[in-house]
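# Observations on the model geometry
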Amino acid sequence: MIAKFEDLVDEFHREVIGQQIYDLVGELAKLASLRYRSPVYNGQRPWTPEDVLDLAHEVIATRLLSDGQLQRVVLTAQNIDQLRGGLFNQIKRCLISRRNKT
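Here goes a summary of the coordinates provided. (Residues numbered from 1 in each chain as written. Predicted model: local features only at pLDDT ≥ 70, side-chain atom pairs only at ≥ 80, totals over all residues. Heavy atoms only, no water.)

### A closer look at the environment of Ser 38
Spelled out, the test is: To qualify as a helix, a DSSP run of H or I must reach at least 4 residues; to qualify as a strand, a run of E must reach at least 2; elements of each kind are numbered from the N terminus.
Locating Ser 38 in the fold gives a position in the loop between helix H2 (19-35) and helix H3 (49-66). Counting along the chain gives 42 residues from Ser 38 to Ile 80, while the straight-line C-alpha distance between them is 28 Å.

As structure tokens, this is what we get:
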């Protein structure tokens, strides 16, 4: 089921990260793994479903919560496309930081 923008914003205000936001980050992490296929982004190995889940968890823990980016993304987005884009940018930043560590 595709979450509505208003539902995601409401969930953020209620729970910060609830099931819908968690699922959206997971979906976007999967998309990123298809776009960023190079093993340089995943420890010199092909992406597995577990690796995609690990990426989603890393983004949630480090970028969205610790760095406070979820609040910025949610509060500046005016529609679902902007919200998805903001979250995807955080995933890309996470992948870039992985590349720079190798």
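The discussion continues.
### What to know about the packing of aromatic side chains
Between two aromatic rings, the relevant description is the distance of the centres plus the angle of the planes. Test applied: When the centres of two rings from Phe, Tyr and Trp lie within 6.5 Å, Trp using its six-membered ring, the rings pair. Their planes under 30 degrees apart give stacked, over 60 give edge-to-face, and anything left gives tilted. Buried, partly exposed and exposed residues are distinguished by accessible area as a fraction of the type maximum, computed with a 1.4 Å probe on protein chains only: under 20%, between the cut-offs, and over 50%, respectively.
Within the structure shown, the criterion is met by one aromatic pair. Taken together, a centroid distance of 5.2 Å and an interplanar angle of 80° make the contact between Tyr 36 and Tyr 41 edge-to-face. Here Tyr 41 falls in the buried class, since its relative accessible area comes to 12%.

### Section: the pattern of salt bridges
In a structure, side chains of opposite charge can pair up when their charged atoms sit close to one another. What counts, and what does not: Each reported salt bridge corresponds to a side-chain nitrogen of Lys or Arg within 4 Å of a carboxyl oxygen of Asp or Glu.
Across all of its chains, the model carries four salt bridges by this definition. Close ionic contact of Arg 14 with Glu 15 constitutes a salt bridge, the shortest N to O distance being 3.6 Å. Relative accessible area serves as the criterion here: at 57%, Arg 14 is assigned to the exposed category.

### Brief notes about unusual backbone geometry
In this model, Val 16 sits at a positive phi of 70°, which is unusual for a non-glycine residue. Within the element layout of this structure, Val 16 appears in the loop between helix H1 (5-15) and H2. We classify Val 16 as partly exposed; its relative accessible area is 38%. Here Gln 44, not a glycine, exhibits a phi torsion of approximately 60°, which is positive. Tracing the chain through its elements places Gln 44 in the loop between H2 and H3. The exposed category is assigned to Gln 44, whose relative accessible area is 57%.

### Let's talk about H3
To keep it simple, the criterion reads: Here, expected helix span is obtained from the residue count minus one, scaled by 1.5 Å. Across the chain, bend at a residue is computed as the angle between axes fitted to the seven residues ending at that point and the seven starting from it.
Between its terminal C-alpha atoms H3 stretches 24 Å, which fits the 26 Å expected from 18 residues at 1.5 Å a residue. Largest kink in H3: about 30°, centred on Ile 60. Those residues of H3 lying buried are Asp 51, Val 52, Leu 55, Ala 56, Val 59, Ile 60, Arg 63 and Leu 64. Note on H3: the residue one or two positions beyond its end, Gly 68, has a positive phi of about 70°.

### Details of the nonpolar core
As a reminder, the rule being used: Residue types Ala, Val, Leu, Ile, Met, Phe, Trp, Tyr and Cys, when buried and joined through side-chain atoms within 4.5 Å, form a set referred to as a nonpolar core. Should any heavy atoms of two residues lie within 4.5 Å, those residues are considered in contact.
Membership of the largest hydrophobic core comes to 28 residues, with the highest contact counts inside it found for Val 25, Leu 55, Leu 83, Leu 87 and Ile 91. Going through the elements one at a time, H1, H2, H3, helix H4 (69-76) and helix H5 (80-101) are the ones with two or more residues in this core. Other than its neighbours up to four places away in sequence, Leu 55 contacts Ala 29, Trp 47, Ile 91, Cys 94, Leu 95 and Arg 98.

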